[in-house]
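Remarks on the overall topology
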Amino acid sequence: MKKKGSIGRHQKQLPYHIMLLPAVILVGIFSYGPMIGILMAFEKFTPKKGILGSEWIGLENFRYLKNIPDINGVIFNTFFIAAMKLVLGVAVPMLVAILLNEVHLSKVKKAIQTLIYFPHFLSWVILSGIFIDILSPSTGIVNEFIKWLGFEPVFFLGDPKWFPYTMALTETWKEFGFGTIVYLAAIVGIDPSLYEAAEVDGAGRWRQTIEITLPTLLPMGMLMLVLNLGGVLNLSFEQIYNLYSPQVYSTGDILDTLVYRIGIENAQWGVASAVGVFKSLISTIFVSLSYWLAAKFGNYRLF
Amino acid sequence: MKEAIKSFKKYSGQRKCFTIFNYILLISLALICLLPMINILAISLSSSAAVSSGEVRFWPVDFTWESYNFVIEKPEFMTAFWVSVKRVLIGVPLNMLLTILTAYPLSRTNKQFRGRTAYTWYFFITLLLSGGLVPYYMTILKVGLIDNFWALILPGAVPVYNVIILMNFFRQLPSEIEEAAIVDGASHLQILFRVLVPLSKPSIATLTLFCIVNHWNSWFEGLLLMNNPVNYPLQSYLQTVVVNRDMSLMSTSDILTLSMVSDRTSKAAQTFVAALPVLIIYPFLQRYFTKGIVLGGVKG
């Protein structure tokens, strides 16, 4: 009797396993496979000998890495650019959402939303095509405007002084509109009677924003900050790879672009993997920390 | 509209000032998002002479389709365009099929499906950890997919984040309908495709549109995993043209025509053509994504 029951349950379980099988295999090969490849960071790797056949050299690659003259600069750039994007990525959308909430002409509001969400959906290749053209110091329309205002043209993408800020600004340009969505949803969720009560108490729109809207949005902002923290080191590669050039390496080179140059362009597989391991380590700590913080303080669960 | 104007008249002077300032500010922000694209469009539709003399701003000067003719007749561009189309047509249905098939077992309770927790972690961990660029490249090399079209499809075939979003959506559907189906003797596949999928149409539509945009926009894998430029999807090809100015990818006919169509107008035209599909599906996207994101991304 007992045996029959367990067979019955087994039969019901089997379809689930079969349904999951294709995904399990694909994820196994293409996500877990590269994780085994992390061993390359401790080897003098050559593709011919493979991961298991290459010579084991311990921490040699990491020592080599430490002696790359620009490595500290690269680490600094990675964090500096990430930090700017992180702060702007929360503050600007929140502010714009609050302002957008004060637009009562619904057609105008809809039009503004349509326009500011759109850049999110364009790839960095397309945006680079656009930015390289419009930011050009000689022919770009942005510098034409700057010159018209009576200032010297700015070499946004070629001047190391400007480059990191250009990255933060263009990223913000791309994402701020899309970022407003969660805050607008939170504002819609606010009980209108709160505003009515404040109105009766004689609080103006400004006071209502400070005392009702903002406190609702801040936890959401914190949650977004925490969730973005996790991905922040992975954020910049596509943008910077397409927009940088050797003359801005001093302020624009980040870990991911360095990995690409050493690994793919110079074929120093082991060293590049070592940079990758270093970055993945920091990244993993950040991501885990961010999910933990979000679960603890934001009451957020991904599943 | 009338309401808004009526209440505007009742505002205090200070608030009137703020409202006007606010409209101006937000409309400027919207224009800042729009104008760079209008500028590129105007450049692509102007003659190269007008562009190089710096007359073109937001309206074409000396209107011509020349740059677009150049792009359409350029064999490399069209090859890459079809690679991208193929990629979307094969990649997106596969993404969605795998998302649905994977989300269903994971959306069961631990009682219904005992392996659920282990499987969920198996997928979730890939969101936390990754092997990094070089090991990834080596994996693809090992599997033998370098320079193979399927390298653009298979590695990203299971969009784990989307699986989790859909799983969460399945879980919040009322269980009564499903139970009724079980009583009627429906199989798992029938429950999934006859009951759950039709109930999740908005979510699935949103995820599908996001998959289309992702496949269309991704360029890095193409550049990394394809040695032969004939296999490049459009965005990878565009990357080499617009960003790298790789002369080796230009045929002689290109260099000849370039004297008529300037480098700048042709780049603008190519950029615009590559953005066009996203522009076309954007209205559909917009209808769904606000709802979808709030549902899946942040739940209290």
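Every residue gets a number counted from 1 within its own chain, in the order that chain's sequence is written. Going through the entries in the order they are written, you letter the chains from A and number the ligands from 1. Local features are withheld for residues below a pLDDT of 70 in this predicted model, meaning they are given only at 70 or higher, and side-chain atom pairs are given and counted only at 80 or more; totals for whole chains, interfaces and linings count all residues. Side-chain figures throughout are based on the complete set of non-hydrogen atoms in the structure, without hydrogens or water.

**Focus: helix H8 (residues 160–171) of chain B**
Residues and elements named next belong to chain B. By the criteria applied, helices consist of DSSP H or I runs no shorter than four residues and strands consist of E runs no shorter than two, each listed in order from the N terminus. Here the expected span of a helix is defined as 1.5 Å times the quantity of residues minus one. For H8, spanning 12 residues, the distance from its first C-alpha to its last is 16 Å, which sits close to the expected 16 Å at 1.5 Å a residue. Counting buried positions over the 12 residues of H8 gives 10, a clear majority of the element. Of the positions making up H8, those classed as buried are Val160, Asn162, Val163, Ile164, Ile165, Leu166, Met167, Asn168, Phe169 and Phe170. In this scheme, a residue with accessible area under 20% of its type's maximum is buried, one over 50% is exposed, and one in between is partly exposed, where area comes from a 1.4 Å probe on protein chains only.

**Concerning the packing of helix H5 (residues 75–107) of chain B against helix H10 (residues 188–199) of chain B**
Residues and elements named next belong to chain B. Direction vectors running N to C along H5 and H10 enclose 110 degrees, while the axes themselves pass 11 Å from each other. Considering their axes alone, H5 and H10 lie roughly perpendicular with respect to each other. Of H10, the residues touching H5 (which contributes Leu97, Ile100, Leu101 and Tyr104) are His188, Leu189, Ile191, Leu192, Phe193, Leu196 and Val197. Put simply, Ala, Val, Leu, Ile, Met, Phe, Trp, Tyr, Cys and Pro go in the nonpolar bin, Asp, Glu, Lys and Arg in the charged bin, and everything else, Gly too, in the polar bin. Considering only residue class, the contact of H5 with H10 consists of 10 nonpolar, one polar and no charged. The angle between two axes is taken between their N-to-C directions and runs from 0 to 180 degrees, where each axis is a line fitted to C-alpha atoms and a helix contributes only its stretch in contact. Any angle that falls under 35 degrees is termed roughly parallel, while one over 145 is termed roughly antiparallel, one within 65 to 115 roughly perpendicular, and all others oblique. Contacts: residue pairs with any heavy atoms within 4.5 Å of one another.

**A word on the interface of chain A and chain B**
With 87 residues of chain A at the interface, the matching set in chain B holds 100 residues. A side-chain nitrogen of Lys or Arg and a carboxyl oxygen of Asp or Glu constitute a salt bridge if their distance falls within 4 Å. Remark: the boundary between chain A and chain B carries three salt bridges. A salt bridge links arginine 57 of chain B to glutamate 144 of chain A; its shortest N-O distance comes to 2.7 Å. Throughout this description, a polar contact denotes any pair of N or O atoms lying within 3.5 Å of each other; where both atoms belong to protein, one of them has to be capable of donating a hydrogen while the other can accept it, and for residues adjacent in sequence the pair is counted only when both atoms sit in side chains. Seen at the junction of chain A and chain B, the total is 20 residue pairs in polar contact (both at pLDDT 80 or more). Among the residues forming the side of chain A that touches chain B, the class breakdown is 59 nonpolar, 20 polar and eight charged.

**Observations concerning the packing of H5 of chain B against helix H11 (residues 201–217) of chain B**
Residues and elements named next belong to chain B. Following both chains from N to C, one finds H5 and H11 inclined at 145 degrees, their axes separated by 9 Å at the closest point. Along this stretch, H5 crosses H11, giving a crossing that reads as right-handed. For the pair formed by H5 and H11, the contact residues are Phe81, Ser84, Val85, Arg87, Val88, Gly91, Val92, Asn95, Met96, Thr99 and Ile100 on the first element and Ile204, Leu207, Thr208, Cys211, Ile212, His215 and Trp216 on the second. Partitioning the contact of H5 with H11 into residue classes produces 11 nonpolar, six polar and one charged. Each crossing gets its hand from how the near helix is turned against the far one by less than a right angle, where anticlockwise is left-handed and clockwise is right-handed.

**Notes on the nonpolar core**
The nonpolar core is taken to be a set of buried Ala, Val, Leu, Ile, Met, Phe, Trp, Tyr and Cys residues, with the residues joined through side-chain atoms within 4.5 Å. By size, the foremost hydrophobic cluster in this structure holds 176 residues, and its most contacted members are Ile116, Phe121 and Tyr183 of chain A together with Leu192, Leu285 and Phe289 of chain B. Looking at which element gives the most residues to this core, the answer is H5 of chain B, with 13 residues. Setting aside its immediate chain neighbours within four residues, leucine 285 of chain B contacts Phe121 of chain A together with Leu209, Phe210 and Val213 of chain B.

**Concerning unusual backbone geometry**
All names here are of chain B. A positive phi angle is found at aspartate 62, which is not glycine, with a value near 65 degrees. Here aspartate 62 is to be found in the loop between helix H3 (48–52) and helix H4 (66–72). You can call aspartate 62 exposed: its relative accessible area is 54%. The phi angle at aspartate 147 is positive, at roughly 65 degrees, despite the residue not being glycine. When you line up the elements, aspartate 147 lands in the loop between helix H7 (133–143) and H8. For aspartate 147, a relative accessible area of 28% puts it in the partly exposed group.

**Regarding the confidence of the model for chain A**
Residue and element names in this part refer to chain A. On a range of 0 to 100, pLDDT expresses the predictor's confidence in each residue. In this model, chain A carries an average pLDDT of 86, and 96% of its residues clear a pLDDT of 70 or more. Here helix H2 (residues 50–53) stands out as the element of chain A with the lowest mean pLDDT, 78, in contrast to helix H4 (residues 71–101), whose mean of 93 is the highest. The low-confidence segment residues 1–10 (pLDDT under 50) makes one contact with residues lying over four places distant or belonging to another chain.

**A look at the environment of aspartate 191 of chain A**
Note on placement: aspartate 191 of chain A falls in the loop between helix H8 (163–188) and helix H9 (192–200). When the C-alpha positions of aspartate 191 of chain A and lysine 279 of chain A are compared, they lie 44 Å apart, and in sequence the two are 88 residues distant.

**Some words on helix H2 (residues 13–44) of chain B**
Taking 1.5 Å per residue as the helical rise, H2 of chain B with its 32 residues ought to reach 46 Å, and the 46 Å between its terminal C-alpha atoms agrees with that figure. Consider a residue and the seven residues that end there alongside the seven that start there; fitting an axis to each set, the bend is the angle between those axes. At leucine 34 of chain B, H2 of chain B shows its largest bend, some 35 degrees, and a proline, proline 36 of chain B, comes one to four positions later.

**Focus: the side chain of histidine 188 of chain B**
Considering the arrangement of structural elements, one finds histidine 188 of chain B in helix H10. Side chain to side chain, histidine 188 of chain B and tyrosine 104 of chain B meet in a polar contact 3.0 Å long. If we skip the residues at most four places from it in the chain, histidine 188 of chain B touches Lys12, Pro15 and Tyr16 of chain A together with Tyr104 of chain B.

**Some points on the side chain of threonine 139 of chain B**
With respect to the element layout, threonine 139 of chain B can be found in helix H7. In this structure threonine 139 of chain B touches Ile29, Gly33 and Pro34 of chain A, once residues within four positions along its chain are discounted.

**Some words on a nonpolar patch on the surface**
Residues enter patches when their relative accessible area tops 30% and they take part in no salt bridge; the joining distance is 9 Å for like charges and 5 Å for the nonpolar side chains Val, Leu, Ile, Met, Phe, Trp and Tyr. Every accessible area reported is derived by Shrake-Rupley at a probe size of 1.4 Å, with residue values counting cover from the shown protein chains alone. On the surface, a nonpolar cluster with roughly 320 Å² of combined accessible area is contributed by Leu21, Ile25 and Ile29 of chain A together with Val143 of chain B. It is helix H1 (residues 2–36) of chain A that contributes the most residues to the nonpolar patch, three residues altogether.

**Quick look at the packing of aromatic side chains**
Classification of ring pairs rests on two measures: the distance between centres of Phe, Tyr or Trp rings, Trp counted by its six-membered ring, which must be within 6.5 Å, and the angle between planes, read as stacked under 30 degrees, edge-to-face over 60 and tilted in between. All told, the structure shown has 36 aromatic pairs over all chains when counted by the stated rule. Taking the centre distance of 5.2 Å and the plane angle of 75 degrees together, the rings of phenylalanine 131 of chain A and tryptophan 173 of chain A count as edge-to-face. Separated by 42 residues along the polypeptide, phenylalanine 131 of chain A in helix H6 (residues 124–134) and tryptophan 173 of chain A in helix H8 bring together distant segments of the chain. Summarising the burial analysis for this pair, phenylalanine 131 of chain A and tryptophan 173 of chain A share the class buried. Seen from their ring centres, tyrosine 244 of chain A and tyrosine 249 of chain A are 5.0 Å apart, and the 45 degrees between their planes marks the pair as tilted. What makes tyrosine 244 of chain A buried here is its relative accessible area of 13%. Aromatic ring contacts, followed pair by pair, group Phe118, Phe121 and Phe178 of chain A together with Phe210 and Tyr282 of chain B into a single cluster. Remark: a charge is flagged as sitting over a ring if the NZ atom of Lys or the CZ atom of Arg is within 6 Å of the ring centre and within 35 degrees of the ring normal. The ring of tyrosine 195 of chain A is capped by arginine 205 of chain A, whose NZ or CZ atom sits 5.3 Å from the centre of that ring. Sitting over the ring of phenylalanine 149 of chain B, lysine 86 of chain B keeps its end group 4.2 Å from the ring centre.

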